[in-house]
Amino acid sequence: MRTGLFSRRTALGLRQGAISAVGSVKIKLLLSCCILFTLIAFASRTSSFVGWKHHTGAPVHRIYGPRKGYAILINTWKRNDLLKQSISHYTSCPGLDSVHIVWSEPDPPSDSLVTYLNHVIKSNSRDGRQIELKYDINKEDSLNNRFKEIKDLKTDAIFSIDDDIIFPCSSVEFAFSAWLSAPDAMVGFVPRIHWVDQLKGNTDHYIYGGWWSVWWMGTYSMVLSKAAFFHKKYLSLYTNEMPASIRKYVTKSRNCEDIAMSFLVANATGAPPIWVKGKIFEIGSTGISTLGGHNEKRTECVNRFVAEYGRMPLVSTSVKAVDGRNIWFW
Ligand SMILES: *[C@@H]1O[C@H](CO)[C@@H](O)[C@H](O)[C@H]1NC(C)=O
């Protein structure tokens, strides 16, 4: 094969009397490839634009049977407008089974909020089946509240979410299907990384890295619970099995409940989480805080938890789950 190509090339070179002819053939070949790919790309964009391809697929509850969707666990704090907005949105997603609002404000939910949300839920019921809506009212204001065990939960999957970010239903359902492939893993949209602090010289000091670090290294070891699927069993592990000193630390530092959950799942599975590509819409005004800053406190949490576990349970990976329908070239 190799000699065949070589002899053909030599023949061509001899016929045209110059070696540079081989180069120009290569360039022409490359050019036609470029044109071909451009045409393919254009055709695939046009087809999806015109609507030949259907991106939505069948509703999840029809594929997985009744009561086999997921529950949304939403953390909120004095931002009723954001809560209304995100619950109105998520109730339109086909796989949603129930909504659990983690409420830690001193005052109970107002009548107007309850009335509004009841109306939203009712108008989004499907096939005579209504989405469940529950308020988990807490006296104590602790970040551990968001991982309290939920009794009588009919689904195994929990989609844990903050009230100030919204994901389109297509992204949520895609993450849910990724979770179904790995129900023990945390499957989420916001990756974070840890690495050994080289400067300190000792190998047991770690640094927490945010969005930029993940982008730079292409590697991650956590997905944050502000936007992640996980199995409901981890809620009871968090509240009942995880060392109380970790929960105490989370309450006191008012931070890092998401890192604590990442440690818990990593310790239980010995495996990395799964980062899923999805569109993120920030509806709060705190867009910048998710990009950088406050990493010293997070670094402190990581090292504190490593000390509690006696080892570093987090596992790094560079795997990213992407919806195959949205890539035209592979
Ligand atoms: C980590 O996992 C092991 C094995 O499953 C378990 O025995 C241990 O209690 C866990 N550690 C913590 C701190 O939860």
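Numbering of residues starts from 1 in each chain and follows the order in which that chain's sequence is written. At least 70 in pLDDT is required for a residue's local features to be given in this predicted model, at least 80 for side-chain atom pairs to be given and counted, and no such filter applies to totals for whole chains, interfaces and linings, which use all residues. Calculated side-chain values reflect all of the structure's heavy atoms, with hydrogen atoms and water omitted.

Per an unreviewed UniProt entry, the protein carries the name Glycosyl transferase 64 domain-containing protein and comes from Ilex paraguariensis. One UniProt comment on the protein, placed under Sequence similarities (unreviewed entry), says "Belongs to the glycosyltransferase 64 family." UniProt positions are given in the numbering used here, feature names are shortened, and annotations may be inferred rather than shown by experiment.

Colleague: So, the overall build of the protein: which residues are in play, and what are the values?
Modeller: Secondary structure follows DSSP: runs of H or I at least 4 residues long count as helices, runs of E at least 2 residues long count as strands, and numbering of each begins at the N terminus. Along the protein, the regular secondary structure elements total 11 helices and 13 strands. Here's how the labels work: a residue is buried when its accessible area is under 20% of the maximum for its type, exposed when over 50%, partly exposed in between, all with a 1.4 Å probe on protein chains only. A burial count over the protein gives 44% of its 330 residues as buried. For the protein, the share of sequence-separated contacts (at least 6 apart) that also reach a separation of at least 24 residues comes to 81%. When the accessible surface of the protein is summed, it comes to about 18,200 Å², and 60% of that surface belongs to carbon and sulfur atoms. Residues are treated as being in contact if the distance between any of their heavy atoms lies within 4.5 Å. Shrake-Rupley sampling with a 1.4 Å probe provides the accessible areas, and residues are treated as covered by the protein chains on show and by no other component.

Colleague: Go over the sheet that holds strand β6 (residues 187–188), please, and point to the residues and values.
Modeller: At least two DSSP bridges between two strands are required for those strands to pair. The eight strands are arranged β3-β2-β1-β4-β10-β6-β11-β13 in an open sheet whose pairing can be described as mixed. Of all strands in the sheet, those with a lone pairing partner are β3 (132–137) and β13 (320–321), marking the two edges. Judged from the five bridges that link them, strand β4 (residues 157–162) and strand β10 (residues 227–231) form a sheet pairing that is antiparallel. Within the sheet, the bridge partner assigned to I158 lies in β10 and is F230.

Colleague: Explain the pairing of strand β7 (residues 191–196) residue by residue, including any values.
Modeller: Here two bridges tie β7 to strand β9 (residues 222–223), and the two strands are oriented antiparallel to one another. Bridging across to β9, R192 finds its partner in M222. Bridge count for β7 against strand β8 (residues 206–209) is four bridges, and the pairing is antiparallel. Paired with V196 across the two strands is Y206, which belongs to β8.

Colleague: Residues and numbers for the pattern of salt bridges, please.
Modeller: We count a salt bridge whenever a side-chain nitrogen from Lys or Arg sits within 4 Å of a carboxyl oxygen from Asp or Glu. In this structure the tally under the stated criterion is 13 salt bridges. A salt bridge links K134 to E132; its shortest N-O distance comes to 3.5 Å. Its relative accessible area of 34% is what places K134 among the partly exposed residues. One salt bridge connects D141 with R254, and the closest N-O pair in it is separated by 2.6 Å. On the criterion of sequence distance, the pair formed by D141 in the loop between β3 and β4 and R254 in the loop between α9 (244–253) and α10 (257–269) is long-range, its members being 113 residues apart. Overall, D141 belongs to the partly exposed group, its relative accessible area being 31%. Three or more residues joined by partner-sharing salt bridges are found here, namely R79, D163 and D164.

Colleague: Explain the site of the ligand residue by residue, including any values.
Modeller: Looking at the ligand, the residues that line it are P243, N267 and Y309. Definition of a polar contact: a pair of N or O atoms within 3.5 Å, with one able to donate and the other able to accept a hydrogen when the atoms are protein atoms, and with sequence-neighbouring residues admitted only if both atoms are side-chain atoms. Contact distances for the ligand include 2.4 Å between an oxygen atom and a side-chain N or O atom of N267. Consider each residue's heavy atoms; a residue with any of them within 4 Å of a molecule or strand counts as near.

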